[in-house]
Amino acid sequence: MRIGMIGSGYVGLVSGTCFAEFGHDVVCIDKNPAKITALKNGEIPIYEPGLDDLVAKQIKAGRLTFSTNIADGVSGMDAVFIAVGTPPRNGDDGADLSQVFDAARDIANAMTGYTVVVDKSTVPVGTARQVAKTIRATKNTTQFDVVSNPEFLREGNAITDFMRPDRVVVGTDSERAAEIMRAIYRPLYLNETPILITTPETAEIIKYAANAFLATKITFINEIARLCEVTGADVQEVSRGMGMDGRIGSKFLHAGPGYGGSCFPKDTKALAQTGRDLGAVQTVVESVIAANTQTKETLANRIIAELGGDLTDKTIGVLGVTFKPQTDDMRDAPSLTILPMLQAAGAKIVAFDPVGRETGQPLLPGVIFADQMYDVANNADAVVILTEWNEFRALDLDRLADAMRTPIMFDFRNIYKPAEMIHTPFTYHSIGRVKTTPVAPKLRQVGV
Ligand code: UGA
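Parameters at a glance
Residues numbered from 1 in each chain as written. Predicted model: local features only at pLDDT ≥ 70, side-chain atom pairs only at ≥ 80, totals over all residues. Heavy atoms only, no water. Helix = DSSP H or I, 4+ residues; strand = E, 2+ residues; numbered from the N terminus. Rg over C-alpha atoms; globule rule 2.2 N^0.38 Å. Buried < 20%, exposed > 50% of the residue type's maximum accessible area, 1.4 Å probe, protein only. Areas by Shrake-Rupley, 256 points an atom, 1.4 Å probe, with all protein chains shown as cover. Pairing = 2+ DSSP bridges. Phe/Tyr/Trp six-rings, centres within 6.5 Å; stacked < 30°, edge-to-face > 60°. Lys NZ or Arg CZ within 6 Å of the ring centre and 35° of its normal. 1 Å grid on protein atoms, 1.4 Å probe; cavity = no way out; pocket = protein on both sides within 12 Å on 5 of 7 lines; lining within 4 Å. Points joined across faces, edges and corners; volume = space filled by probe spheres on them. Contact = heavy atoms within 4.5 Å. Axes fitted to C-alpha atoms, helices over the stretch in contact; angles between N-to-C directions. Parallel < 35°, antiparallel > 145°, perpendicular 65-115°, else oblique. Nonpolar A, V, L, I, M, F, W, Y, C, P; charged D, E, K, R; others polar. Polar contact = N/O pair within 3.5 Å; in protein donor to acceptor, adjacent residues only side chain to side chain. Near = heavy atom within 4 Å. Salt bridge = Lys/Arg side-chain N within 4 Å of Asp/Glu carboxyl O.

A. Just the overall build of the protein, in detail. A tally of helices and strands in the protein yields 16 helices and 14 strands. The globule rule puts the C-alpha radius of gyration for 448 residues at 22 Å, and the 24 Å found for the protein is close to it. With the C-alpha coordinates aligned to their principal axes, the bounding extent of the protein is approximately 80 × 50 × 45 Å. Going through the 448 residues of the protein one by one, you find that 53% of them count as buried. Of the roughly 19400 Å² of accessible surface on the protein, a fraction of 52% belongs to carbon and sulfur atoms.

See the structure below:
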C-alpha cells in the first residue's frame, strides 16, 4: 500500500515509520522545512526509545521518505493520514481543529483519484463528517472516504504499542475504505489483533472515552491514597487487592502526583467541553479534572507543611521533572505545578532529570538543573521524587543522605518501600502509605 502521512510530529512519525516497517511505502509530510531536512538525515526531533533506529532502517530500505510538498503525500496514495496537532483551543477547553481542516483542504486540492482520508489526530466526535464536508467544499468530488482511526500510543512505548496493539479501531461507513484499512493493518493479523469496524462517531468517542477512563482510574486511586494516608492503610496493597478483580484490572492503578502529559489533561478537558456543548455533561470527567489539579496542589502543600511552612533558606532536591519516564515531554507535568508552589514558599530548587533538562529548564524559571543525580542532595533539606526514571530506583541512599542537611524524602512515585526505608537514615514520605522514620542505628545494624 502507498500511504501519505500529513504531519510528522510524534504520532505521524511513529505511525509512518511503523507502517513502513509493515512493508508499506510511506511519505511523511510536514510544513516545517527544517524538520523535514533533519528527518531526511535521520535526525529525530523527539525522544522516543527505538525510533531513531527504525527511521534509519526504513529510510535505508527506501520505504520511508519525507517531503514538504503535500502533493508528494497525497497523489496516487491509497490512504492519506491526518496526524497534525489538536492543541487546546483559546477561550474554552475544546480542541483547536484548525490544523486538521487545513490538512483536509490541502488533501482535497492534491487528490488525483479515490483516496481514503484517515483522521489519526485526536479529534472530538463529529470531526470525520466535518472533514468530509471540508473536502467536498474545497473540491467538487465524491472520490474519497473519511475514516476515523484513533491512536493508542503511549510516549516512551510507542513503537511496541503500534506493533502490538490491544486493538485497532476503524470508524467508517464505507466498505471500500474499511477494506483498504484492513489491508494496511493486515500485518497485525499474525498476532490476531482485533480490528473493530464502527461508525466514525463511535471511533471518535472510543478514543476520548478510553483516555478519560484511564485518567479516572488514576485519579480514583490518588484519592483513595489520601484516605489510606489518614487511616494508616497501604494504597499499593489496596491497588493489588482491587486489581486482582478481573473486572477492574491492575493497570493504571498506581498512585502518583497526578496524571500529566500531552494527552490525558487535554483530552479529558476536550471531552468535558464536548459534553457541555452537546448537553450531555460528563460529571465524572469534570470531577476527575478538578481532582487531578487538587492532587498536585495537595502534594506541594504537604511538602511545605512537613518542612515547617516557610521554606526560605531551604533547598529541595528534585529527581525527575518530565511527566513520566522515557520521554522529555514536559506538557502538564506535575513538576510544573509542584515546583513553583515550593518556590513561592521560599524554597531553592535543584533538579535533575536524565533527559528533561532541555525541555524543562525554560518552563521552570529559577530551578537550578544539576549535572549529576546525586548533586541534588547537596545541603538539601529534602529530596522529592517526581518521575520514576529507572536511575532513581536503586539510589545509594546513604550517599544521598550524607550529602543532605536533613535526610527527608518525598517519594511521590512509591518506588521505595516503607519497610526498607526504616533501615536508612531517611524520614520517608510516600503516597498513600504511612510516613516512616529510621529505626535506631543500633537496631539497624542487627537488621531489625
Ligand atoms: C496516553 C495513553 O496511555 C495512550 O493509550 C494514548 O494513546 C495517549 O495517551 C494519547 O492519547 O496519545 P501517555 O500520555 O503517553 O499515553 O502516557 P501514560 O503512560 O498513559 O501516562 C499518562 C499519565 O498518567 C502520566 O502522567 C503517568 O505518570 C500517569 N499514570 C499512569 C499514573 O499516575 N498512574 C498510573 O498507574 C499510570
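Text resumes after the structure shown.
B. Quick look at the sheet that holds strand E14 (residues 427-430). As summarised here, the arrangement of the six strands in space is E11-E10-E9-E12-E13-E14, forming an open sheet in which the pairing is parallel. Each edge of the sheet is formed by a strand with only one pairing partner; in this case those strands are strand E11 (368-369) and E14. Where strand E13 (residues 408-411) lies against E14, four bridges are found, and the strand directions are parallel. Paired with methionine 409 across the bridge in E14 is tyrosine 428.

C. Structural view of the packing of aromatic side chains. Counted by the stated rule, this structure contains 10 aromatic pairs. Arranged with centres 5.1 Å apart and planes meeting at 85°, the rings of phenylalanine 19 and phenylalanine 162 form a pair that is edge-to-face. Taken together, the residues phenylalanine 19 in helix H1 (residues 10-22) and phenylalanine 162 in helix H6 (residues 158-163) connect sequence positions 143 residues apart. Taken individually, phenylalanine 19 and phenylalanine 162 each receive the classification buried, so the pair is uniform in this respect. One aromatic cluster in this structure is built from Phe19, Phe22, Phe81, Phe162 and Tyr185. Arginine 167 extends its terminal NZ or CZ atom over the ring of phenylalanine 152, reaching a point 3.6 Å from the ring centre. A cation sits over an aromatic face here: arginine 399 above tyrosine 374, 3.8 Å from the ring centre.

D. Spotlight on empty space enclosed by the protein. Going through the model one piece at a time under the given rule, you end up with two cavities of 30 Å³ or more. Roughly 70 Å³ of volume is contained in the largest cavity. Lining the largest cavity are Asn222, Ala225, Arg226, Glu229, Gly256, Thr295, Leu299 and Ile431. Elements that contribute at least two residues to the lining of the largest cavity include exactly helix H8 (200-231) and helix H11 (283-306). No other element matches H8, which puts four residues into the lining of the largest cavity. Space inside the second largest cavity adds up to approximately 50 Å³. Looking at the second largest cavity, the residues that line it are Lys120, Ser121, Thr122, Val123, Ser148, Pro150, Ala203, Glu204 and Lys207.

E. Up close: the environment of alanine 177. Counting through the fold element by element, alanine 177 comes out in helix H7 (residues 175-184). Overall, the relative accessible area of 0% leaves alanine 177 in the buried class. Sequence spacing of alanine 177 and valine 117 is 60 residues, and the spatial spacing of their C-alpha atoms is 8.9 Å. With residues near it in sequence (within four places) discarded, alanine 177 still touches Tyr114, Val116, Asp145, Val147 and Thr172.

F. Region of interest: the packing of helix H5 (residues 127-138) against H8. Relative to each other, H5 and H8 sit at 130°, their axes nearing to 8 Å. With respect to their mutual orientation, H5 and H8 come out oblique. Side by side, H5 and H8 meet where Thr127, Ala128 and Arg129 of the first sit next to Pro200, Glu201 and Glu204 of the second. Residue classes in the contact of H5 with H8 are distributed as two nonpolar, one polar and three charged.

G. Main features of H7. Along H7, the positions that sit buried rather than exposed are Ala177, Ala178, Ile180, Met181, Ala183 and Ile184. Of the residues flanking the start of H7, the one acting as N-cap is serine 174, its side-chain oxygen 3.3 Å from the backbone nitrogen of arginine 176.

H. Spotlight on the site of the ligand. In the vicinity of the ligand, 19 residues are found, and the nearest of them are Glu151, Glu155, Lys207, Asn211 and Cys263. The separation between a nitrogen atom of the ligand and a polar main-chain atom of histidine 254 is 2.8 Å. With the chains in place, 91% of the 710 Å² that the ligand exposes on its own is no longer accessible. Elements represented by at least two residues in the shell around the ligand include exactly H8 and helix H10 (264-277). Examining the composition of the shell around the ligand, we find that three residues originate from one element, H8, more than from any other.

I. Structural view of the pattern of salt bridges. Summed over the entire model, instances satisfying the criterion amount to 23 salt bridges. Salt-bridge contacts for arginine 331 lead to glutamate 155; the nearest nitrogen and oxygen are separated by 4.0 Å. Linking arginine 331 in the loop between strand E9 (315-319) and helix H12 (335-344) with glutamate 155 in the loop between strand E6 (144-148) and H6, this pair joins segments that are 176 residues apart in sequence. Overall, arginine 331 belongs to the partly exposed group, its relative accessible area being 48%. For glutamate 155, a relative accessible area of 9% gives the class buried. Where arginine 357 meets aspartate 371, a salt bridge forms, and the shortest distance between an N and an O atom there is 2.7 Å. One end of the pair, arginine 357, is in helix H13 (residues 357-360); the other, aspartate 371, is in the loop between E11 and strand E12 (382-385), with 14 residues separating them in the sequence. The partly exposed category is assigned to arginine 357, whose relative accessible area is 31%. Among the ionic contacts, a cluster of salt bridges with common partners joins Glu175, Glu179, Arg182 and Arg186.

Note that every value here comes from positions in space, so none of it alone points to a role or purpose.
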